[in-house]
Amino acid sequence: MWPRLRSVCSGSGTICTRGAALLKQPKLTANANVSHFTHSAGLCATTRSALQYRQHGDPSQVVQLEDIDLPPIGAKDVLVKILAAPINPSDINMIQGTYAILPDLPAVGGNEGVAQVLEVGSLVKSLKSGDWVIPRDAGLGMWRTEAVFSEDDVISLPNDIPLLSAATLGVNPCTALRMLSDFEDLKPGDTVIQNAANSGVGQAVIQIAAARGVNTINVVRDRPEFTQLSDRLKAIGATHVIKEEALRRPEFKELFKTFPKPKLALNGVGGKSATELLRHLQIGGSMVTYGGMAKQPVTVPVSALIFKDVKVRGFWVTQWKRDHSKDERAFRAMVDELCSLIQQGKLTAPACTEVGLRDFSKALEESMKPFTSAKQVLII
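Residues numbered from 1 in each chain as written. Predicted model: local features only at pLDDT ≥ 70, side-chain atom pairs only at ≥ 80, totals over all residues. Heavy atoms only, no water.

1. What about the nonpolar core?
Reasoning step 1: Val 114, Leu 157 and Leu 180 are the most contacted members of the largest nonpolar core, which has 41 residues in total.
Reasoning step 2: The element best represented in this core is helix H10 (residues 328-343), accounting for seven residues.
Reasoning step 3: Beyond its immediate chain neighbours, meaning those up to four positions away, Leu 180 contacts Leu 186, Val 192, Val 205, Ile 208, Ala 209, Arg 212, Leu 264 and Leu 266.
Reasoning step 4: In terms of nonpolar packing, the next biggest core, distinct from the first, is built from 34 residues, Leu 51, Val 133, Val 154 and Leu 357 among them. (Core = buried A, V, L, I, M, F, W, Y, C linked by side-chain atoms within 4.5 Å. Buried < 20%, exposed > 50% of the residue type's maximum accessible area, 1.4 Å probe, protein only. Helix = DSSP H or I, 4+ residues; strand = E, 2+ residues; numbered from the N terminus. Contact = heavy atoms within 4.5 Å.)

2. Some words on the side chain of Asn 215
Reasoning step 1: You can see Asn 215 is positioned in strand E10 (residues 215-220).
Reasoning step 2: A distance of 3.2 Å separates the side chain of Asn 215 from the backbone oxygen of Gly 189, its partner in a polar contact.
Reasoning step 3: Here Asn 215 is in contact with Gly 189, Asp 190, Thr 191, Val 192, Thr 239 and Phe 259, once residues within four sequence places are set aside. (Polar contact = N/O pair within 3.5 Å; in protein donor to acceptor, adjacent residues only side chain to side chain.)

3. Considerations on empty space enclosed by the protein
Reasoning step 1: A full pass over the atoms with the stated rule returns two cavities of 30 Å³ or more.
Reasoning step 2: Here the largest cavity is characterised by a volume of approximately 100 Å³.
Reasoning step 3: Around the largest cavity sit 14 residues that line it, and Thr 168, Pro 173, Thr 348, Ala 349 and Pro 350 are the ones nearest its centre.
Reasoning step 4: Among the secondary structure elements, those contributing two or more residues to the lining of the largest cavity are helix H4 (172-182) and helix H5 (200-211).
Reasoning step 5: With four residues, the single largest contributor to the lining of the largest cavity is H5.
Reasoning step 6: Across the lining of the largest cavity, the residue classes break down as seven nonpolar, seven polar and no charged. (1 Å grid on protein atoms, 1.4 Å probe; cavity = no way out; pocket = protein on both sides within 12 Å on 5 of 7 lines; lining within 4 Å. Points joined across faces, edges and corners; volume = space filled by probe spheres on them. Nonpolar A, V, L, I, M, F, W, Y, C, P; charged D, E, K, R; others polar.)

4. Focus: the pattern of salt bridges
Reasoning step 1: Per the stated rule, a full pass over the model turns up 17 salt bridges.
Reasoning step 2: Glu 66 is paired through a salt bridge with Arg 54; the nearest N and O atoms lie 3.0 Å apart. Residue Glu 66 is found in strand E2 (residues 63-69), and its partner Arg 54 is found in the loop between strand E1 (47-53) and helix H1 (59-62); the two are separated by 12 residues along the sequence.
Reasoning step 3: Given a relative accessible area of 45%, Arg 54 falls into the partly exposed group.
Reasoning step 4: Salt bridges sharing partners connect three or more residues here, namely Arg 248, Glu 276 and Arg 279. (Salt bridge = Lys/Arg side-chain N within 4 Å of Asp/Glu carboxyl O.)

5. Observations concerning the side chain of Glu 244
Reasoning step 1: When you line up the elements, Glu 244 lands in the loop between strand E11 (240-243) and strand E12 (264-267).
Reasoning step 2: Buried charged residue Glu 244 carries no salt bridge. Nearest counter-charge: Arg 248, at 4.5 Å.
Reasoning step 3: Contact partners of Glu 244, with chain neighbours within four places excluded, come to Val 219, Val 220, Arg 221 and Ser 273. (Lys, Arg positive; Asp, Glu negative; His and termini not counted.)

6. Remarks on the sheet that holds E12
Reasoning step 1: One open sheet accounts for six strands, arranged E11-E10-E9-E12-E13-E14; its pairing is parallel. The open sheet terminates on both sides in strands that have one partner only, identified here as E11 and strand E14 (311-314). Pairs of neighbouring strands in the sheet enclose a mean axial angle of 20°, with direction left out of account.
Reasoning step 2: Sheet analysis places strand E9 (residues 191-194) next to E10, joined by four bridges and oriented parallel. Bridged to Thr 191 within E10 is Asn 215.
Reasoning step 3: With respect to the sheet, H4 is in contact with E9, E12 and strand E13 (286-289), its orientation differing from that of E12 by roughly 150°.
Reasoning step 4: Strands E9, E10, E12, E13 and E14 of the sheet are contacted by helix H7 (residues 271-279), whose axis makes an angle of about 175° with E12. (Pairing = 2+ DSSP bridges. Axes fitted to C-alpha atoms, helices over the stretch in contact; angles between N-to-C directions.)

7. A word on the packing of H4 against H10
Reasoning step 1: At a minimum axis distance of 11 Å, the contact between H4 and H10 shows a crossing angle of 105°. Judged by the inter-axis angle, H4 sits roughly perpendicular to H10. Judged by residue contacts, Pro 173, Cys 174, Leu 177 and Arg 178 of H4 engage Met 334, Glu 337 and Leu 338 from H10.
Reasoning step 2: Tallied by class, the residues present in the contact of H4 with H10 amount to five nonpolar, no polar and two charged. (Parallel < 35°, antiparallel > 145°, perpendicular 65-115°, else oblique.)

8. Considering the packing of aromatic side chains
Reasoning step 1: Across all of its chains, the model carries five aromatic pairs by this definition.
Reasoning step 2: Their ring planes at 70° and their centres at 6.1 Å tell us that Tyr 99 and Trp 316 sit as a pair that is edge-to-face. With Tyr 99 in the loop between helix H2 (89-96) and strand E4 (107-108) and Trp 316 in the loop between E14 and helix H9 (317-323), this pair connects stretches of sequence that are 217 residues apart.
Reasoning step 3: Taking 6.1 Å as the distance between ring centres and 90° as the angle between the ring planes, the aromatic pair formed by Phe 183 and Phe 315 counts as edge-to-face. Of this pair, Phe 183 sits in the loop between H4 and E9 while Phe 315 sits in the loop between E14 and H9, placing them 132 residues apart in sequence.
Reasoning step 4: A cation over a ring is seen here: Arg 136 above Phe 331, with NZ or CZ 5.4 Å from the ring centre.
Reasoning step 5: Stacked on the ring of Phe 226, the Lys or Arg Lys 243 has its end atom at 4.9 Å from the ring centre. (Phe/Tyr/Trp six-rings, centres within 6.5 Å; stacked < 30°, edge-to-face > 60°. Lys NZ or Arg CZ within 6 Å of the ring centre and 35° of its normal.)

9. Concerning the packing of H4 against H5
Reasoning step 1: Between H4 and H5, the shortest axis-to-axis distance is 8 Å and the interhelical angle comes to 50°. Between H4 and H5, the angle is such that the two are oblique. Regarding H4 and H5, the two cross each other, and that crossing is right-handed. For the pair H4 and H5, contact is made by Asn 172, Pro 173, Thr 175, Ala 176, Leu 177, Met 179 and Leu 180 and by Gly 200, Val 201, Ala 204, Val 205, Ile 208 and Ala 209, respectively.
Reasoning step 2: Across the contact of H4 with H5, the residue classes tally to 10 nonpolar, three polar and no charged. (Left-handed = near helix turned anticlockwise from the far one by under 90°.)

So, in structure tokens, the structure goes:
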């Protein structure tokens, strides 16, 4: 269930360089064991800064940097300082009001990011001051400076991994890992084909597949800097990088003389691009759709269903997290595997542009441009 956002703007005073707002008000009772933080000297009194929107619309018009009061911490809550938070397509869609799930308004933007625990409530067992944490689910609102979250809303991760890797761990790498693990039994030497290969998910797929010895055929739209993009994707482990139009050419089939046809196709585009992926699947293979950037339906050829018995599935990492919200081991294992790959140098963050919180307008505009080559990350 989405937390109801209760915010109170101070209306006076300057914006703090540290601080944030509450997205979920802790439940207080007469007997609640509540620890009221006493902040260190030099911090602003009680107000914190957050990127908030009060109505849906154009992000550049409706998102504002505001002061929001920080409430006392509950016994099972933690006070965190947000360190970095990216701007993802789902964040933009939520602000526009077009995403599958929407928080109550007013809302703080940002579904992903990394924070450091500053203090913990008296009954918190799994976290301590200094720990790095990421959200377990969407909707916490990470575009802020400080916040009070429930212990159950976050999960810890090592604080010795790069900041940008930690900030971008919770959505795209999790999506990539689950799709590579849950739909086909991929073995070393097998093949995966994907479109949107230069996206955050696509880059994570390339690296995780390479770590497992799985070949990847990576499809991207044509662009002036195609050669540079191809070289960059190959440098992180891509087996082949091709333009979308190459999928339709007879010579494309020459690739399968050196390795098997794909068992798995990953579709983040939709439309004709998805149909072309299906045509190249091996008999009994699966196509998993996790996005639809082309805003066109997926058309499945009858021949693919009858003669190749392909499976057409969908995946949404938010639903996976909710389905496994009571399974601490599954979530923990996923985060640990991804962090281990990062520590081994086998999984890196996508190309990122670091932006200060006050420059959020520019970051939002850049995030909405086509052929975006770098993810905008708010450094807080």
